Amino acid sequence: HHPNLLEAHLNERGSLRSFAKKPLMSREGANVTLVREGSVVATMDGDHGDEGYVFQELAVAQIDGKYPVIGAWVVDGVAAGMGIRESDTPITGNLARFVPHRLI
């Protein structure tokens, strides 16, 4: 319930009507489904999900027709790096462009 974090639930969507359903163990968008107001807007096939899912409040940004996402790494409580991936689709897959950044 932190104001800077998206609402998330394990193995159930809770009261979320717009969410990303993501396998606990997956890679490059496999078996991810995006739902907006109860309707599926995007999905990607794959062989994952037997281990369960995370349902996370949907937050998708589109800039100039592209979908960027930021991944941040924290090591021992200290910011260590960041990567920006950009995709042509709302689910970031294995063809997404990637730019790594190192934090000092």
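These lines cover the structure that appears in this document, whether it is placed above or below.

Quick notes on the rules
Residues numbered from 1 in each chain as written. Predicted model: local features only at pLDDT ≥ 70, side-chain atom pairs only at ≥ 80, totals over all residues. Heavy atoms only, no water. Phe/Tyr/Trp six-rings, centres within 6.5 Å; stacked < 30°, edge-to-face > 60°. Lys NZ or Arg CZ within 6 Å of the ring centre and 35° of its normal. Helix = DSSP H or I, 4+ residues; strand = E, 2+ residues; numbered from the N terminus. Buried < 20%, exposed > 50% of the residue type's maximum accessible area, 1.4 Å probe, protein only. Polar contact = N/O pair within 3.5 Å; in protein donor to acceptor, adjacent residues only side chain to side chain. Contact = heavy atoms within 4.5 Å. Pairing = 2+ DSSP bridges. Axes fitted to C-alpha atoms, helices over the stretch in contact; angles between N-to-C directions. Patch = residues over 30% accessible without salt bridge, like charges linked within 9 Å, V, L, I, M, F, W, Y side chains within 5 Å. Areas by Shrake-Rupley, 256 points an atom, 1.4 Å probe, with all protein chains shown as cover. Salt bridge = Lys/Arg side-chain N within 4 Å of Asp/Glu carboxyl O.

## Describing the packing of aromatic side chains
According to the stated counting rule, one finds 1 aromatic pair in the structure shown. The ring of Y53 carries the charged tip of K21 above its face, separated from the ring centre by 4.4 Å.

## A word on the side chain of S87
Along the chain, the position of S87 falls in strand β7 (residues 78-87). Residue class for S87 comes out buried when judged on its relative accessible area of 7%. There is a polar contact of 3.2 Å between the side chain of S87 and the backbone nitrogen of T89. Not counting the four nearest positions on each side in its chain, S87 is found in contact with K66, Y67, T92, G93, A96 and R97.

## A few points about unusual backbone geometry
Phi is positive for E28, which is not a glycine, with a value near 50°. Looking at the element boundaries, E28 is found in the loop between β2 (19-23) and β3 (33-36). For D64, which is not glycine, the phi dihedral falls at a positive 55°. Tracing the chain through its elements places D64 in the loop between β5 (53-57) and β6 (67-75). The exposed category is assigned to D64, whose relative accessible area is 77%.

## A few points about the sheet that holds strand β1 (residues 8-10)
Paired through backbone hydrogen bonds, the strands of a sheet run either parallel or antiparallel to each other. Strand order across the open sheet formed by 5 strands is β1-β5-β2-β3-β4, with antiparallel pairing between neighbours. With partners counted over all chains shown, the strands left at the sheet margins are β1 and β4 (39-43), one partner each. If you compare each strand with its neighbour and ignore which way they point, the axes differ by 20° on average.

## Digging into a nonpolar patch on the surface
The grouping of L10, L24 and M25 at the surface amounts to a nonpolar patch, some 330 Å² of accessible area in total. Within the secondary structure layout, L24 lies in the loop between β2 and β3.

## Quick word on the sheet that holds strand β8 (residues 97-102)
Judged by pairing direction, the sheet is antiparallel, and its 3 strands sit side by side in the order β6-β7-β8 without closing on themselves. Each having just a single partner strand, β6 and β8 make up the two edges of the open sheet. Ignoring strand direction, the axes of neighbouring strands in this sheet form an average angle of 15°. In terms of strand pairing, β7 meets β8 through 6 bridges, oriented antiparallel. Across the sheet, the residue bridging to G81 is R102, located in β8.

## Concerning the pattern of salt bridges
Tallied over the entire structure, the rule returns 5 salt bridges. Salt-bridge contacts for E86 lead to R97; the nearest nitrogen and oxygen are separated by 3.3 Å. Taken together, the residues span a long stretch of sequence, with E86 in strand β7 and R97 in strand β8 at a distance of 11 residues. Overall, E86 belongs to the partly exposed group, its relative accessible area being 30%. Classification of R97 as partly exposed rests on a relative accessible area of 36%. We note a salt bridge from D88 to R97, for which the minimum N-O separation is 3.0 Å. It is possible to trace a salt-bridge network through shared partners that takes in K66, E86, D88 and R97.

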